[in-house]
Amino acid sequence: MTNPSFDVVAIGNAIVDILAQADDAFIESIGVPKGSMQLMFSPEEADALYAKMGPGREISGGSAANTVAGIAALGGKAAFIGQVADDQLGTVFAHDIRAAGVHFDTAVRPGQPTTARCLIFVTPDGQRTMNTFLGASQFLPAAALDEAMIANGAILYLEGYLWDPEEPRAAMRKAIDIARAAGRKVAFTLSDVFCISRHGDDFRKLIEDGLIDILFANEAELLALCAHEDFEAAVQHIHGKVPLLVVTRSEKGAMALQGDERIEVPAEPISALVDTTGAGDMFAAGFLHGQAQGKGLKESLQLGAICAAEIIQHYGARAEKDLKALAAAKIG
């Protein structure tokens, strides 16, 4: 097995986030559970909700794209595969991810639908309620995969959000086969309880079949995946089924379980909670960067916590401070 050209190659939704502040009454009025994610299935539905938004900020996003942008900010080598349309938002996304230092060369998709967008409403408590129109991203074909690049990535990272549409789901299954044939690790993030409610059986089968080396979940997602109400029972349920389990627990910190080794770290202190958008994505960036650099579980968890803390203190899911400097100051 040759040395990898990339630390992480990620496949995910190529989305431009549009963020606006909102109060709880507005969230209730649009009929979306606060702090959740819902899909919008037509551009007309997305346009109608967009018209109700207050002043917004456009920031390139997408779960796995945020993660590899974080890895690049930490000094890692990362690549992204995702589908955009031949339109203005597609140009914005491509520019932003390349400017972040991530290799991205997936060919644009001509015609309709448009590039994916996520309308994010942030309440005063920092919670984000996401409304996503997947647009062109849900048509990522297996033919768009750069097989050599996947085989040359130490870790293949996949997001559960992209499992919903049939075409990219088939592409990700093929990517798993490519990575495993090349002796690389496969990391998977459950993304949202919403994804588990729709595709939990698929996710559980991937785990049972031994296709996932690193599983990322937050506490609610782990409970949903394992159909348990008790956190420790859920941890024991999954123990032994994946080589490495990583769970974020908001203000309670995070834990990693690998074989008989269980490590927990506290959440990093923050001055103010502004916006939780991308917290899990950036945690994964720190943790995966640590693993790619040969760090132990504790230091990888600490890197994840540092990155998550940076992102929740401002709007948007891309780092505004120097992550390398933050990491060096806190853990050397």
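Everything numeric here is computed off the predicted structure, so don't read it as measured data. (Residues numbered from 1 in each chain as written. Predicted model: local features only at pLDDT ≥ 70, side-chain atom pairs only at ≥ 80, totals over all residues. Heavy atoms only, no water.)

1. Notes on the nonpolar core
Consideration 1: One finds Ile11, Ile150, Leu156, Phe188, Leu215, Leu222 and Ile238 to be the most contacted residues of the largest nonpolar core, which totals 55 residues.
Consideration 2: Here the element with the most residues in this core is helix H6 (residues 166–181); it accounts for 6 residues.
Consideration 3: For isoleucine 238, the residues in contact, after removing those within four places along its chain, are Ile207, Leu215, Leu222, Leu225, Cys226 and Leu245.
Consideration 4: Counting residues in hydrophobic clusters, the runner-up holds 37 residues, among them Ala14, Phe104, Leu244 and Ala308. (Core = buried A, V, L, I, M, F, W, Y, C linked by side-chain atoms within 4.5 Å. Buried < 20%, exposed > 50% of the residue type's maximum accessible area, 1.4 Å probe, protein only. Helix = DSSP H or I, 4+ residues; strand = E, 2+ residues; numbered from the N terminus. Contact = heavy atoms within 4.5 Å.)

2. Things to note about the packing of aromatic side chains
Consideration 1: Counted according to the given criterion, the structure contains 9 aromatic pairs.
Consideration 2: Here the aromatic rings of phenylalanine 80 and phenylalanine 104 are separated by 6.0 Å at their centres, their planes lie at 35°, and the arrangement is tilted. One end of the pair, phenylalanine 80, is in strand E5 (residues 78–81); the other, phenylalanine 104, is in strand E6 (residues 103–104), and 24 residues separate them in sequence.
Consideration 3: Members of the aromatic cluster, connected to one another through ring pairs, are Phe80, Phe93 and Phe104.
Consideration 4: When the ring centre of phenylalanine 139 is taken as origin, the NZ or CZ atom of arginine 109, which lies over that ring, is 4.4 Å away. (Phe/Tyr/Trp six-rings, centres within 6.5 Å; stacked < 30°, edge-to-face > 60°. Lys NZ or Arg CZ within 6 Å of the ring centre and 35° of its normal.)

3. As for the environment of glutamine 127
Consideration 1: Among the secondary structure elements, glutamine 127 is positioned in the loop between strand E7 (116–122) and strand E8 (128–133).
Consideration 2: Along the backbone, glutamine 127 and lysine 34 are 93 residues apart, and their C-alpha atoms lie at a distance of 7.5 Å.
Consideration 3: Setting aside anything within four residues of it in sequence, one finds glutamine 127 in contact with Lys34, Gly35, Phe121, Val122 and Thr276.

4. Topic: helix H9 (residues 231–238)
Consideration 1: Taken residue by residue, H9 has Phe231, Ala234, Val235 and Ile238 as its buried positions. Along the axis of H9, the buried positions cluster into a sector of 100°, meaning they face one direction only.
Consideration 2: At its buried positions, H9 is contacted by helix H7 (193–208), strand E11 (214–218), helix H8 (219–226), strand E12 (244–248), strand E13 (254–258) and strand E14 (261–265).
Consideration 3: Its side-chain oxygen placed 3.2 Å from the backbone nitrogen of glutamate 232, aspartate 230 serves as the N-cap of H9.
Consideration 4: Immediately beyond the C-terminal end of H9, within one or two residues, lies glycine 240, with a positive phi of roughly 90°. (Arc of directions from axis to C-beta. Polar contact = N/O pair within 3.5 Å; in protein donor to acceptor, adjacent residues only side chain to side chain.)

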